[in-house]
Amino acid sequence: MRVEAGIRWLAVSLLGAIWLLCGGVVWAQDGDSATPELPQEGETAEPPEVGAETDTTQPAASEPPEVGADAGETEAAPSLESAPVSSEEAARARLATDQRLREIGNQVDSLKEETFATKSRLLLLRESVLRRSVAGSKLVVVHKNEMGSEYELVQVLYALDREPKYSKLDYTGSLDSSERVVVVDESVVPGSHILLSHMVFKGRPWGIFRYMDGYTFTIESSFAFTAEEGKAHLVLVRAYEGGGFFTPIEERPTVRYEFSTQALDSAEALSALNE
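These lines cover the structure that appears in this document, whether it is placed above or below. (Residues numbered from 1 in each chain as written. Predicted model: local features only at pLDDT ≥ 70, side-chain atom pairs only at ≥ 80, totals over all residues. Heavy atoms only, no water.)

In this structure the tally under the stated criterion is 5 aromatic pairs. Ring centres of Tyr151 and Phe217 lie 5.1 Å apart, and the angle between their planes is 70°; this geometry places the pair in the edge-to-face category. Placement of the pair is Tyr151 in strand β2 (residues 151–160) and Phe217 in strand β6 (residues 216–227), with a sequence separation of 66 residues. Considered together, Tyr151 and Phe217 belong to a single accessibility category, that of buried residues. Ring centres of Phe225 and Phe259 lie 5.7 Å apart, and the angle between their planes is 35°; on these two criteria the pair is classed as tilted. Of this pair, Phe225 sits in strand β6 while Phe259 sits in strand β8 (residues 253–263); the two residues are 34 residues apart in sequence, bridging distant segments of the chain. Overall, Phe225 belongs to the buried group, its relative accessible area being 6%. Clustering of aromatic rings is evident, with ring pairs tying together Phe223, Phe225, Tyr257 and Phe259. Positioned above the aromatic ring of Tyr240, the side-chain terminus of Arg256 is 5.1 Å from the ring centre. (Phe/Tyr/Trp six-rings, centres within 6.5 Å; stacked < 30°, edge-to-face > 60°. Helix = DSSP H or I, 4+ residues; strand = E, 2+ residues; numbered from the N terminus. Buried < 20%, exposed > 50% of the residue type's maximum accessible area, 1.4 Å probe, protein only. Lys NZ or Arg CZ within 6 Å of the ring centre and 35° of its normal.)

Here is the structure:
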């Protein structure tokens, strides 16, 4: 009895399973047209086949109008040809150009006058500044040769603050004179200055001293002084024989500086040259 009951239960179970399987297949066939089959986990969806029909399509872009389209569809391009200019308009244009050129010429002339006036003012200002700063002090340097007849002066050089002021070289004997010679006469900047002198003497044979013809004597010296504002300064440079009878001839040539100061507007500065 128990075996028969088990067989019947197994048969019923198989029938129920067959019925469930048949019902699921029919339901799956009905649902294919409604919803697409979703990909299983780990699988990727395949793209649609090329040439497949799609419901969403983009509208085609509008194409530009063709060249040479009708005048009603596109606006006509403006004409590049200018209208003919009448003789009256050309005359007015020439008059306007001439008037503009005259205005430019007048402006140029005005600028020239202003430039000339400015230049004149600058020159006056420069002279005024130089008169106050440079011409505020004057320097006069006088050279005098007092050497004996056995010495002949052949070269003279004077420099003020290392700038040459007077230079002469002559072997004819024209420099060998006892007259005063102005070697510097100019305005100087107030302050300290240095006067340099360079003289070359040639030995002159006389009496028993015939060997003097082969001797040359050079004197180089300097003199420092201070130029004062509103003053005239006179420097007298004397070349003379120093020492005594027993002093060697090559040691006798020497130079002495005599410095004096007068008022700038005084006539003594000029009269001192004639002493």
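On we go.
Across the sheet, 4 strands lie side by side as β4-β1-β7-β8; this open sheet has mixed pairing. Two strands close off the open sheet at either side, each with one partner strand: β4 (181–188) and β8. Mean inter-strand twist for the sheet, computed between neighbouring axes without regard to direction, equals 15°. Pairing geometry for strand β1 (residues 137–145) and β4, over 7 bridges, is antiparallel. When the sheet's bridge partners are listed, Leu139 is paired in β4 with Glu186. (Pairing = 2+ DSSP bridges. Axes fitted to C-alpha atoms, helices over the stretch in contact; angles between N-to-C directions.)

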